[in-house]
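Results of the structural survey
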Amino acid sequence: MYRDGARKSIWQNEIKRLSTENDLTEWFDTAIVGGGITGVSTALKLQESGQKCIIIEAANIGFGTTGGTTAHLNDFFDTTFAQVIKDFGLENAKLYAESGKDAIQLIENNIRRYGISCDFVRKSAYLFALDENQEKQLKDIVTGAAEVGHEMLYVNEISFPIPFREAVLIPAQGHFHPIKYIKALCEAFIQLGGAIEEKCICEGYKEHDDYIVLTTSKGEIKAKNVVYATHIPPGINLLHFTNAPYRSYAMAFSLKDNDYPRELGYDLCEPYHYYRVQEFEGENLLIAGGEDHKTGHSDDTGECFSRLENYVRKHFDVETTYFSWSSQYYEPIDGLPYIGKLPGTKDRIYVATGFRGNGMIFGTLSSQILHDLIITGESKYEHLFSPSRIKPIAGFTDFIKENASVAFDYIKDKIFVERIDSLSEIKPGEAKVFRYESETYALYKELNGTFHLLRSTCPHASCEVRWNSAELSWDCPCHGSRFNVNGKMLTGPSTKPLDKIFPFQKK
Ligand code: FES
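Starting from 1, residues in each chain are numbered consecutively following that chain's sequence as written. Owing to the predicted nature of the model, reporting of local features is limited to residues with pLDDT of at least 70; listing and counting of side-chain atom pairs is limited to 80 or more, with chain, interface and lining totals taken over all residues. Side-chain metrics rest on all non-hydrogen atoms present in the structure, leaving aside hydrogens and water.

With an unreviewed UniProt entry as reference, the protein chain is termed Rieske domain-containing protein, source organism Chryseobacterium contaminans.

**Focus: the side chain of Ser 298**
Stated formally: Here a helix means four or more residues in a row that DSSP labels H or I, a strand means two or more in a row labelled E, and each is numbered from the N terminus. Every residue pair with non-hydrogen atoms within 4.5 Å of one another is taken to be in contact.
For Ser 298, the position within the fold is in the loop between β14 (283-294) and α7 (301-315). Those residues in contact with Ser 298 that lie beyond four places of it in its chain are His 293, Cys 304 and Trp 467.

**Some thoughts on helix α4 (residues 132-147)**
Going by this rule: For a helix, the expected span equals 1.5 Å multiplied by the number of residues minus one. Two N or O atoms form a polar contact when they lie within 3.5 Å of each other; inside protein one atom must be a possible hydrogen donor and the other a possible acceptor, and for residues adjacent in sequence the pair counts only when both atoms belong to side chains.
Between its first and last C-alpha atoms α4 spans 23 Å; for 16 residues at 1.5 Å apiece the expected length is 22 Å, and the two agree. As for α4, its buried residues are in contact with α2 (81-88), β4 (121-129), β5 (153-155), β6 (166-175) and β12 (264-267). At the N-terminal end of α4, a side-chain oxygen is found 3.2 Å from the backbone nitrogen of Asn 133, two or three residues along, and the residue is Asp 131. Count one or two residues on from α4 and you reach Gly 149, which has phi positive near 80°.

**Some remarks on the pattern of salt bridges**
What counts here: Salt bridges, as used here, are contacts in which a Lys or Arg side-chain nitrogen is within 4 Å of a carboxyl oxygen on Asp or Glu. Working definition: with a 1.4 Å probe on protein chains only, accessible area under 20% of the residue-type maximum means buried, over 50% means exposed, and in between means partly exposed.
Evaluated as defined, the whole model comprises 28 salt bridges. The partner of Lys 16 in a salt bridge is Glu 187, with the nearest N and O atoms 3.7 Å apart. Taken together, the residues span a long stretch of sequence, with Lys 16 in the segment before β1 (27-33) and Glu 187 in helix α5 (residues 178-191) at a distance of 171 residues. The class for Glu 187 is partly exposed, based on a relative accessible area of 36%. Taking the shortest distance from any N to any O, the salt bridge between Lys 180 and Asp 119 comes out at 3.3 Å. Within this pair, whereas Lys 180 is found in helix α5, its partner Asp 119 is found in the loop between α3 (90-114) and β4, the two being separated by 61 residues in sequence. Residue Lys 180 is classed as partly exposed on the basis of its relative accessible area of 23%. Through salt bridges that share partners, Arg 3, Asp 4, Glu 471, Asp 475 and Arg 482 make up one connected network.

**Looking at the sheet that holds strand β24 (residues 489-491)**
Within a sheet, neighbouring strands are paired by backbone hydrogen bonds and run either parallel or antiparallel to one another. Filter applied, for reference: DSSP calls a pair of strands paired once it identifies at least 2 bridges connecting them. Between N-to-C directions, angles cover 0 to 180 degrees, with each direction set by a line fitted to C-alpha atoms, over the stretch in contact for helices.
Sheet architecture is open: four strands sit in the order β21-β22-β23-β24, paired in antiparallel fashion. The two strands at the open ends of the sheet, each matched to only one other strand, are β21 (466-468) and β24. Sheet twist, expressed as the mean angle between neighbouring strand axes with direction ignored, is 35°. Relative to strand β23 (residues 482-484), strand β22 (residues 473-475) runs antiparallel, the two sharing three bridges. From the neighbouring strand, Ser 473 faces β23, where its bridge partner is Asn 484.

**Observations concerning the nonpolar core**
Put simply, the rule is: The criterion is simple. A nonpolar core is a set of buried Ala, Val, Leu, Ile, Met, Phe, Trp, Tyr and Cys residues joined through side-chain atoms within 4.5 Å.
Counting 81 residues, the largest nonpolar core has Ile 10, Tyr 96, Leu 127, Phe 176, Tyr 181 and Phe 385 as the members making the most contacts within it. Residues Ala 167, Met 251, Phe 253 and Leu 308 belong to the second largest nonpolar core, which totals 24 residues.

**A word on the environment of Pro 387**
Structurally, the position occupied by Pro 387 is in the loop between α8 (359-375) and α9 (398-401). Pro 387 sits 343 residues away from Leu 44 along the chain, and the two C-alpha atoms are 23 Å apart. Not counting chain neighbours up to four residues away, the residues in contact with Pro 387 comprise Leu 238, Leu 239, Tyr 338, Ile 339, Gly 340, Lys 341, Pro 343 and Val 351.

**Focus on α5**
Compared with the 20 Å implied by 1.5 Å per residue over 14 residues, the 20 Å span of α5 between its first and last C-alpha is a close match. Of all 14 residues making up α5, ten are buried, and the element is well covered by its neighbours. Among all positions in α5, only Pro 178, Ile 179, Tyr 181, Ile 182, Lys 183, Ala 184, Leu 185, Cys 186, Ala 188 and Phe 189 are buried. The secondary structure elements touched by the buried residues of α5 are α1 (37-48), β2 (53-56), α3, β7 (195-197) and α8. One or two residues past the end of α5 sits Gly 193, with phi positive at roughly 100°.

**So, the state of the cysteines**
What counts here: Cysteine sulfur atoms that come within 2.5 Å of each other are treated as a disulfide pair.
Under the definition given, this model contains one disulfide. Between the sulfur of Cys 463 and that of Cys 478 lies a disulfide, 1.9 Å long from S to S. With the S-S bond torsion at -85°, the cross-link from Cys 463 to Cys 478 turns out left-handed. Here the residue Cys 463 occupies a position in the loop between β20 (450-455) and β21, and Cys 478 occupies one in the loop between β22 and β23, the gap between them amounting to 15 residues.

This is the structure we're talking about:
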């Protein structure tokens, strides 16, 4: 398995093992936990500055969200400039606007410096309103953008066959192939002497005055600094209450008329749909995304794909559906990412999370911020994106305010279990959480009749997992840990599997 789900993403063919031969008893300047775009970009930047770094990845490079993103590169974000002006002030909003431009520039610099071939293209984007309410939102977005000096131009036409009321063109956006990109960054990192340890689960850390000891599945690793590039770090931290896990769905289609949109596209539905084109084996494919929901909060995740596909087929002349997959991202409670020192720790542990749907941009930006904090002790972004900040949430949309429910799931989940009277109630391909005596269990029946029985209590903080039929995984609604049908951990913050009772066959 090369990705954290049962479905194959359009990027996945490019994933390969990148572990180096390592002596884990050596000392490292910085240990980076997590082999997605955030971890890999940060490791390379620090190694370029003369540090000796190691990337520790629980599965393989690109296993998590970087292998499941749709890899849009935008310098306008899910949290609008208007919203940031309102909640954080105009000067902070201008800095926020600068961050997107900085991130795309960092990607371009890496591509140039290392001669990376990763299908990077600069493109304009259309943002379009489909109804009156969205029209008002668009007006707000454009007004906020103008205040921070970000260019958005009203247009009468868009290159998408979708009826719209109003639209703007946003120049100089882009997209790329995320796995080709981070694979090349890893190769550059290795060339510079960097170490990569795949299939190594980081279970926790011990802080000392001058260094950190990481406890991992392959023994202790010592480093002067640690970066958690895992979305949410293990343990229980302030960030578990200020970030909520979401899943987004993506599909890739060929079109009958070969009339692919030239630009990137986004509507303003809640959650919104997003579009781009990617060449795959010599043929263009339209990638569409949307149907986001909080992880573990959809009764039928397969339905999310059906709704997305129906929506795309309504507007485009679809020939074939080639790929369908989903991936995870985190919503921060006040709309801005958390990049910097991990709250509640001394000075040597860093984190980057809460990127909303802008993971490629904020993951890349994190590499600069964390590099600057570790090497020079300061960054121009350190206050704006501080993981310890307390900011208002009153102005945020219902979609974001729902994040606040994260703390309540713990209680609610204790009653989110079903009773089954006999195993025969479970049909092939079905799964259930049920209570037996005082314990709760997660049971999945394969199409061939094999049962997989696990304890359903998430090892992280004891919420009850829920079934994700689309990715054949058990997902925790509290902080987003995910496990496969055998209980194996796919996504943290849990560092442990679900307790396995047994797989067995019943006629
Ligand atoms: Fe925190 Fe499951 S991820 S309780």
